[in-house]
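One-letter residues, chain by chain:
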Amino acid sequence: MDFDLKRLGFTLLGLLIVLNWGLLMSAIMRKMGARVARRYGIPWRQPWVDLVKNYAIRSQITHGVMFYLGPVFRFSGGVGIFLFMPMIIGSKLWLNYSFQGDLVLIMYFQFFGMLGMALGAGEGGHPHSAIGISRGLSQFTVIEVPLTLAILSLAIQYQTLSLVDIVEAQQGGFQNWSMWTNPFATAAGMLAILGIMGHSPFNLVKAPNEIPIGPPTEYHATFLGVLRTNAAVLHVVEAALFMNLFFGGATNWFEFIIKTFLIYFWSVFVGVVFPRFRIEQSVSWFLKVPLVLGIIAIILFM
Amino acid sequence: MVSPFYILIVGLGLGFLLGLAGKKQAAISNLLSLLAMAFFTAISAHWLLGFLSGNLQAETVFSAGFKPPYSISLFIGLHEAALSLLINMLGFFTVMYFRKALLNESRKLGPVILVLFMALNMLIFTRDLFNIFVFLEITTIAISGLVLMDDNHQAHAAGFKYLLASALISAFYLLGTVLVYNSTGSLWIDDLLATKNALNPMAVIAVFLIIIALILELKPFPANGWALDVYQAAHPGTGAIVSGAAGTTMLFVLYKLMPAAPFISDILVGVGLVTFVGSNLIALTQNHPNRLLGYSSIGQIGLIVSIIGLQPYLGEKTVFVGFAILLTHFFAKAGLFWLSGMVGKDKIQDWAALRRNPILLVLFGTFVFALIGFPPFPSFFGKWELILSLSANGQYYLLGAVLAGSFLEGIYLFRWLGYSIKLSFDDLHEIKLSWEKIIPVSLWGILLYAAGIYTSTLMNGLVGMDYLPLIFIALIFIIDGLPAYIKNTIAIAGMLFYSWLILPDLYTTDMLRFIFAGIFLIGGILTFIAGYAYKGARRGFYPVALLMYAGLAMLIQATTTLEFFFGWELMTAGSYFLIIRGKKSMPHALSYMLFSIGGAYAILAGFGLSFAETGSIALSSLSQISQMATIIFTLLVVGFMTKTASLGLHIWLPGAHAEAESDVSPMVSAILLKAGVFGIIILMIAMGHNPETANIAYILGWLGAITALVGNLAAAFQEDAKRLLAYSSISQLGYILFALAMMSHLGWLTAMVYSLNHFLYKAILFLTIGAVVMKVGTHSMYKMGGLIKNMPMAFIAVLIGIIALSGVPPLSGFAGKWLFYNAVLDKHWYFQGAIVFFSGIIAFLYLFKLIYSVFLGQLKDNLRHVTDISVWFAIPIYTLIIGIMIFSAKPEWVLQPLGTMIGQWYPDGALAWNGGMATSAYGYWHGTGVMVTIGIMFVTLLTWLLVLSRKAQKVKQFNIVFAAEAPQRPETTHVSYNIYAGYNKALGWIVAPKITEFWNMMTDWVHSLALYGRLIYNGNGQVYLLYVMAYFLTIYFLVF
């Protein structure tokens, strides 16, 4: 019991760190994007201000019970992945609840949030919500293909599905990272992360020009606040997953921040450069080069 | 012993006397005919009872006391007594059936019938060659008289053709007899049999002439055009006589004389099987009921001819097999002809009128199932012994021919049955029920069941069988007129009682069977509870539903392959009738039945070959197979895969499950598919150690993976809610097949967990969607929408169902996914595993579509007043949800016993358990911990959000931001139709209906063959005679 409270405390502290880092990271990305477009960009405090504003809005409407559950499922998804993901290796304190489930749990928990969000948005009754969700689901299902192949390849390589063990096997210098020992899996995974992060060319799901209204408009006030909170956490946590899988994990918070930033930056970088795909294009795209990379990754370690 | 000459005397005497009667004496002469036939029947019954009890001995009676060749000898033995009893009973009831015609006709049919049956009796008894000729002639003339009874052109033509052909046949026979007499100096058959090996060449040819005449009399294919015209044109009562009585008699005469010509047995087999297959093939496109029955009769008689010819292989089983099939044919054919007389129409589609008289419909179904060879009818046991004997003797081509012919017969008979049960008609004509017609048909039906039950007692493979379920079904059938809720209660009570009987024992002795019995029986009880929602009497539902469950129970308790097959066929029969109850189910039920019969025949062949190799029909003997392992395993697994709807054999499932009634869909989808899984598991346990099965298992793994992918992808593109769930079932069964094919500890654990899970969540989903469909009145999801407001109970159930199906933690589906990952890594089947994983992800597409289109989105105006689902559906649904919750919270309660059970077959690679933490070679998972963590987190976040937005206003339906417009109607605002168009564009080619096209092509090809073959029957009597001559010459040159 004693250890449990300690673990819970450190987990919540870790969540706070991740949340704030996520907000800061989004501010950095927005500023960088603005500078590229020769604008000044938002002030640094903007993400925090947005959150406070959203939570403070007084007038609010709801479409029904499921409408509440949408953001809650989504946020649970983000926090859930956080809970089951080891953050800092080498210290028992920052491993969160990763002892309860391995990689498979994390992979399937990604769907928890997505499913709930889909249901919640559907409750709003807005037709564009449904369009967005169907696009999101279509895309997400194919994104998982190269990712699964990459993870399978890693599991075969390290003979384990435990994320902690995979990270620990990558300790002891750059050369042990999966990036070098299993480049094809890394490549497949890094292509998959483009889809997960939801930036261009895979941002048809929430593309502002395509769907000017729908979930972003129907969800407002505290609902939107929860979704924005989740976005901050989720981006960091997803980047942390890839960090643990391919880039040797993190032994301290400084390393954690640098690596997650770089991984997230990769997706933003690609997003700034490339235009948007249609759904059938993105579905086909993931089943070409990323799929082949994943297959090669498995063959090499079979 | 009563002398057989009495039959001769009474028949001839009364025949002549009645011929003198006038119109005024019609009633008396009718009564006298009836009494005469009753007298014949009594004599035959007396003989048979005497033989069976041992009081009488077989006896030869000589006329006038002299010995042959100066007298005629008659022999009465057990066979003769039995056959004459059958024929005389038919005669008695024919007189009853023809009562109106006999009373009205001035053509004195009474004497004709009397003399005909006298002649048939004598043909059975006599052992004199010329005597046979005499009575053959009398039979011919009498039958022509009956055919010509009708006063139309067709009957006249048919009767004339019949006389022509019979004349030719009699000529052959007489020539043969004369030459035999010339060569051997005697007309006594016993003399002929004694000297059969010392015959000079002329005598051999003479015997051949006799035999060929008898063969031709039995209407072999293709020299039987004249016979088909007779069947078509004659009154069905005459058809019954020709098919039942005359056919039986001629078969027996052939059987009597066959020992004289040992060189003929191979030819008999060929003749018989060509007739069986050819006749049934050409019958496929036939629309006229009497002609169709004619084809079927000719086919069945051909089968029996081949059985007679197979005597060297069948040995002492020949009489059993031949008689079993003959008996079935006799009862079923006569019954069908009599029914045809009652319906009185020219097209088989008109038999939809039978729906007005449930008793007639039941009888029709009985006769059809009996002919195909379903239990409990004698033909089932006859075919079983036949297949086993053929396998044991290595006669694989003959085996294939028998099964092919049976399958073809199944096609047209089930099409016909489907028409009568389901074909929609604006005005069904009334069938008049008169006692003189209904009594014979009903009695024939009852006797068919009695014969079947009696035959089953003779089979030594059925000693352990439990008849209790079947008796229960018979009782339910009798009270079928009662309201549904009474029968429902009785049915549930019966199933509870049966569960209490067998489940506790199985728990301690056989965990595998316990699990499947639990799924079948407890699942059955739960789906029956939903049946309380139906009003009225629900006639015809309970007997067939219980029949299916009885079959499933028998499957579980089977210890021999015969019992297993018996249960399998019963289950198929019950499920067919359940499926065809749906409004649009007619073609789907036919498709289901044909695939089921095909699979059943594959299983039968597999069991036959297994018997051939091991010599035993115990189920455990399957593990001793080594030589023919590949072929036996393939046959059996293909048979089971027709039931699990694996790719290639799956096209029946979407239609059958989607169109079935609301409480039938969960029965067939959640419960029945597991029978195939059970079969595959039993098979793999028995034959898994054999090295040859590893190759087949590898193929099965790929097949399962691709089935999973195609099933889930196809489901995503459906607009019909139940079809979506049906395709989902195909996919889930593909998972299970893949997992079983891994043949490792983790693989089987995955498969068992998936089976259990699939049962739970598919039952929930089908029950809920079925209940919603009952309220809403449509299957199309785009016509529903927004129902969360009206049906919150249904929404929650579907939500839990889809979360469980998708495998998202913390619900029970995740257990399956976690195990699946570990199993794939353990077995190194990465690519198949990746395909299965991909298909699992695709499941999200249709799961979302299902819940969104039905419950979320916009509520349509016509559905504003629908109420929540019936409480009778909600009870089983929420019971199953509790089951899922328990499984999710404490997975070790399920996984640990399963692990122990599977450990007896695959001891390596088991999970290690530490409290609630499961550890495998690769990963770990703590089910309860995960659930607690997620639960606490979720509740915390939900509470936090609720507190934050406690002042939120609830708004009405169309209160959405719509870009400065107002949304018009729910129909235009609810996005549901073809929402995965992009996905379809990219990946739709995977689900192109190539396999459906393949099977359609096969169907068209067979039908074209049938149409092409029909061309030989051009109606010209002279051409038919030419065929007879050509046939004679062909057989002659084949023999010599």
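Our subject is the structure listed above.
So, here is what we can say about the structure in this document.

## Some points on the nonpolar core
Membership of the largest hydrophobic core comes to 527 residues, with the highest contact counts inside it found for Phe256(A), Phe414(B), Phe528(B), Leu787(B), Phe855(B) and Tyr983(B). Tallying contributions element by element places helix α31 (residues 745-776) of chain B first for this core, with 20 residues. Aside from chain neighbours lying at most four places away, what touches Tyr983(B) is Ser138(A), Thr141(A), Val142(A), Ile279(A), Val283(A), Leu713(B), Phe717(B), Phe838(B), Ile842(B), Leu845(B) and Gly988(B).

## What about the interface of chain B and chain A?
Listed per partner, the contact involves 70 residues of chain B and 73 residues of chain A. Approximately 6500 Å² of surface area, both sides summed, lies buried where chain B meets chain A, with 78% of it carried by carbon and sulfur atoms. Across the chain B-chain A interface, the total number found is one salt bridge. The closest approach of N and O atoms between Lys985(B) and Glu280(A), which form a salt bridge, is 3.4 Å. Applying the counting criterion to the chain B and chain A interface returns 15 residue pairs in polar contact (both at pLDDT 80 or more). For the side of chain B that touches chain A, the secondary-structure elements that each account for two or more residues are α32 (792-806), α33 (813-827), α34 (830-855), β5 (924-926), α37 (927-948), β6 (953-954) and α39 (981-987) of chain B. Its residues assigned to classes, the side of chain B that touches chain A shows 51 nonpolar, 14 polar and five charged. When strand β1 (residues 61-62) of chain A meets β6(B), the two strands line up parallel, connected through two bridges. Counted as the bridge partner of Ile61(A) is Gln953(B) from β6(B).

## Regarding a nonpolar patch on the surface
The grouping of Val36(A), Trp266(A), Phe269(A), Val272(A), Val273(A) and Phe274(A) at the surface amounts to a nonpolar patch, some 600 Å² of accessible area in total. A per-element tally of the nonpolar patch places helix α11 (residues 253-273) of chain A first, with four residues.

## Some remarks on the side chain of Thr140(B)
All names here are of chain B. When you line up the elements, Thr 140 lands in helix α6 (residues 129-147). Here Thr 140 falls in the buried class, since its relative accessible area comes to 5%. Contact partners of Thr 140, with chain neighbours within four places excluded, come to Tyr 162, Leu 163 and Ser 166.

## Focus on the sheet that holds strand β3 (residues 912-914) of chain B
All names here are of chain B. Ordered in space as β3-β4-β5, the three strands form an open sheet in which the pairing is antiparallel. Taken across any chain shown, the strands that pair with only one partner, and hence form the sheet edges, are β3 and β5. Looking at each pair of strands side by side, their axes are set apart by 20° on average, direction ignored. Of the pairings in the sheet, the one linking strand β4 (residues 917-919) to β5 comprises three bridges and is antiparallel in character. By the bridge assignment for β5, Met 917 is matched with His 926.

## Re the pattern of salt bridges
Residues and elements named next belong to chain B. Applying the stated criterion across every chain yields a total of 18 salt bridges over all chains. In this structure, the salt-bridge partner of Asp 861 is Arg 864, at a minimum N-O distance of 2.9 Å. Here the salt bridges share partners, and the residues they tie into one network are Arg 538, Arg 581, Glu 661 and Asp 663.

## Digging into helix α18 (residues 396-422) of chain B
For α18(B), which comprises 27 residues, the first-to-last C-alpha distance of 38 Å matches the rise-based estimate of 39 Å (1.5 Å per residue) to within 8%. Among the 27 residues of α18(B), 21 are classified as buried, and the element is accordingly described as predominantly covered.

## Here's the deal with helix α13 (residues 289-301) of chain A
For α13(A), built from 13 residues, the straight-helix expectation of 18 Å at 1.5 Å per residue is met to within 8% by its first-to-last C-alpha distance of 19 Å. Where α13(A) is concerned, the buried positions are Pro290(A), Leu293(A), Gly294(A), Ala297(A) and Ile298(A). The arc enclosing the buried residues of α13(A), seen along the axis, measures out at 135°, which places them on a common side. Looking at the buried positions of α13(A), the neighbouring elements they touch are α5 (127-158), α8 (183-197) and α12 (279-286) of chain A together with α34 of chain B.

## Brief notes about the packing of aromatic side chains
For the structure shown, the criterion picks out 102 aromatic pairs over all chains. When the ring of Tyr108(A) is compared with that of Phe837(B), the centres are 5.8 Å apart and the planes differ by 90°; the resulting orientation is edge-to-face. With Tyr108(A) in helix α4 (residues 103-123) and Phe837(B) in helix α34, this residue pair bridges two chains. Ring geometry for Tyr97(B) versus Phe98(B): centroids 6.1 Å apart, planes at 75°, classification edge-to-face. Assessed through its relative accessible area of 1%, Phe98(B) is described here as buried. Positioned above the aromatic ring of Tyr40(A), the side-chain terminus of Arg35(A) is 4.9 Å from the ring centre. Residue placement shows Arg538(B) over the ring face of Tyr534(B); its charged tip is 3.6 Å from the ring centre.

## Some thoughts on unusual backbone geometry
The residue after Ser200(A), namely Pro201(A), is reached through a cis peptide bond having omega 0°. Note on placement: Pro201(A) falls in the loop between α8 and α9 (215-218). Along the chain, Phe221(B) connects to Pro222(B) via a cis peptide bond; the corresponding omega equals 5°. With respect to the helices and strands, the residue Pro222(B) is situated in the loop between α9 (201-217) and α10 (225-233). Phi is positive for Asn96(A), close to 50°, though the residue is something other than glycine.

Criteria and thresholds
- Residues numbered from 1 in each chain as written.
- Chains lettered and ligands numbered in written order.
- Predicted model: local features only at pLDDT ≥ 70, side-chain atom pairs only at ≥ 80, totals over all residues.
- Heavy atoms only, no water.
- Core = buried A, V, L, I, M, F, W, Y, C linked by side-chain atoms within 4.5 Å.
- Buried < 20%, exposed > 50% of the residue type's maximum accessible area, 1.4 Å probe, protein only.
- Helix = DSSP H or I, 4+ residues; strand = E, 2+ residues; numbered from the N terminus.
- Contact = heavy atoms within 4.5 Å.
- Buried area = accessible area lost by both parts, 1.4 Å probe.
- Salt bridge = Lys/Arg side-chain N within 4 Å of Asp/Glu carboxyl O.
- Polar contact = N/O pair within 3.5 Å; in protein donor to acceptor, adjacent residues only side chain to side chain.
- Nonpolar A, V, L, I, M, F, W, Y, C, P; charged D, E, K, R; others polar.
- Pairing = 2+ DSSP bridges.
- Patch = residues over 30% accessible without salt bridge, like charges linked within 9 Å, V, L, I, M, F, W, Y side chains within 5 Å.
- Areas by Shrake-Rupley, 256 points an atom, 1.4 Å probe, with all protein chains shown as cover.
- Axes fitted to C-alpha atoms, helices over the stretch in contact; angles between N-to-C directions.
- Expected span 1.5 Å × (residues − 1).
- Arc of directions from axis to C-beta.
- Phe/Tyr/Trp six-rings, centres within 6.5 Å; stacked < 30°, edge-to-face > 60°.
- Lys NZ or Arg CZ within 6 Å of the ring centre and 35° of its normal.

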